[in-house]
Amino acid sequence: MKNVSVIGAGTMGNGIAHVFAQNGFKVNLIDVSEKALENGINTITKNLDRLIAKEKISEALKISTLENISSYTSIKEGVKNVDLVVEAATERTELKLAIFKELDACAPPETILATNTSSISITQIAAVTKRPEKIIGMHFMNPVPIMKLVEIIRGYNTSNETNDSIVAISKKLGKVPTEANDYPGFVANRILMPMINEAIETLYNGVAGVNEIDTVMKLGMAHPMGPLQLADFIGLDVCLSILNVLYDGFKNPKYAPCPLLVNMVMAGKLGVKSGEGFYDYTASKKAEKVASQFS
């Protein structure tokens, strides 16, 4: 497998495209938005420059990585001759089902169709295609170029051949593949999201403030980032979406999203991407904008 398509040029999509391209794969990065594609390529370029500054890669590898990436706004055109598609669109069930219907119709019949979903059923996604044996979860962690884990999730009908191929490809990317069964949230988010939700409940109930909660978890539990700050980086809307999937899937009240999280999302306080969540990022964004004018 040398030809890969990645659906979605956002944070996860451009990170996945970056990792494949840096490891010698030809990558078609696909997004309906030309602007999103432009931003995605710019992000990849900046991340490659950071790696050069840290002396982790050469200038030649940066050039070859960027040369390995082509951009498309059409799924039909972008998946014509690929061996693998990795979908990394927004975490919404109806959107992913629509994308997989189109992928199934447009991609070669032998192509494996993987999803980067962090919580949605692989079996449900596979059910809208005519190739359920070739549908699999390939859940990368953010930031993709740095984090080693890839959570591999088999659907009910995923074949051994498909599973083995994705495990092998993950290793070629320098990642550590870890297999999980197809239940809501899989392993990573079934454990992570209730912890984040409980941190939000702790704030909601007035037990402690944002900084205090995060400090306890960083200094007391050796977490590199506090749960509230991590929620901001993931996106509070994404956290809410995943918790809703867990709650709908298990019907267990322990997965019910905290009212504070629901209200923040409705108010548009989504974390880093909106400029404000549990922390205020507007000052750093303004500083970034000013700095870019002189770079």
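Keep in mind the model is a prediction, meaning the values are calculated, not measured. (Residues numbered from 1 in each chain as written. Predicted model: local features only at pLDDT ≥ 70, side-chain atom pairs only at ≥ 80, totals over all residues. Heavy atoms only, no water.)

Caption draft 1: Local environment of a positive patch on the surface. Taken together, the side chains of Lys46, Arg50, Lys54 and Lys56 define a basic patch exposed on the protein surface. By the secondary structure assignment, Arg50 is in helix H2 (residues 34–53). Judged by relative accessible area, Arg50 falls into the partly exposed class, the value being 48%. (Patch = residues over 30% accessible without salt bridge, like charges linked within 9 Å, V, L, I, M, F, W, Y side chains within 5 Å. Areas by Shrake-Rupley, 256 points an atom, 1.4 Å probe, with all protein chains shown as cover. Salt bridge = Lys/Arg side-chain N within 4 Å of Asp/Glu carboxyl O. Lys, Arg positive; Asp, Glu negative; His and termini not counted. Charge placed at Lys NZ, Arg CZ, Asp CG, Glu CD. Helix = DSSP H or I, 4+ residues; strand = E, 2+ residues; numbered from the N terminus. Buried < 20%, exposed > 50% of the residue type's maximum accessible area, 1.4 Å probe, protein only.)

Caption draft 2: Up close: helix H10 (residues 227–234). For H10, every residue scored as buried is listed here: Pro227, Leu228, Ala231 and Asp232. Taken around the axis of H10, the buried residues stretch over an arc of 145°, which confines them to a single face. On its buried face, H10 is in contact with helix H8 (188–204), helix H9 (210–221) and helix H11 (236–250). Directly after H10, the chain includes Gly235, whose backbone phi takes a positive value near 110°. (Arc of directions from axis to C-beta. Contact = heavy atoms within 4.5 Å.)

Caption draft 3: Expanded view of the nonpolar core. Within the largest apolar cluster, 33 residues are counted, with the highest numbers of intra-cluster contacts made by Phe20, Leu84, Met138 and Phe140. Contacts of Phe140, omitting those with residues within four sequence positions, involve Met12, Ile16, Phe20, Val86, Asn116, Leu149, Val150 and Leu173. (Core = buried A, V, L, I, M, F, W, Y, C linked by side-chain atoms within 4.5 Å.)

Caption draft 4: Main features of the pattern of salt bridges. Enumeration according to the criterion identifies 8 salt bridges in this entry. Where Lys62 meets Asp49, a salt bridge forms, and the shortest distance between an N and an O atom there is 2.8 Å. On the criterion of sequence distance, the pair formed by Lys62 in helix H3 (residues 59–67) and Asp49 in helix H2 is long-range, its members being 13 residues apart. Since its relative accessible area comes to 13%, Lys62 is described here as buried. One salt bridge in this structure joins Asp237 and Lys273, with 2.9 Å as the shortest N-O distance. Of this pair, Asp237 sits in helix H11 while Lys273 sits in the loop between helix H12 (259–266) and helix H13 (282–293); the two residues are 36 residues apart in sequence, bridging distant segments of the chain. On the basis of relative accessible area, Asp237 is assigned to the partly exposed category, the value being 26%. Residue classification places Lys273 among the partly exposed residues on the basis of a relative accessible area of 47%. The network of salt bridges with common partners includes Glu87, Glu91 and Lys96.

Caption draft 5: How the structure looks around helix H1 (residues 11–22). For H1, with 12 residues, the first-to-last C-alpha span of 17 Å sits near the 16 Å given by 1.5 Å per residue. Of all 12 residues in H1, 10 are buried; the element is thus mostly enclosed. Those residues of H1 that sit buried are Met12, Gly13, Asn14, Gly15, Ile16, Ala17, His18, Val19, Phe20 and Ala21. Following H1 by one or two positions, Gly24 adopts a phi angle in the positive range, close to 90°. (Expected span 1.5 Å × (residues − 1).)

Caption draft 6: The sheet that holds strand E3 (residues 69–72), seen in detail. Read from one edge of the open sheet, 8 strands run E3-E2-E1-E4-E5-E6-E7-E8, paired in mixed fashion. Lying at the two open borders of the sheet, with one neighbouring strand each, are E3 and strand E8 (176–180). Taken over all neighbouring pairs, the strand axes of this sheet differ in orientation by 25° on average, direction set aside. Packed onto the sheet, H2 meets strand E2 (26–30) and E3 and runs at close to 160° relative to E3. (Pairing = 2+ DSSP bridges. Axes fitted to C-alpha atoms, helices over the stretch in contact; angles between N-to-C directions.)

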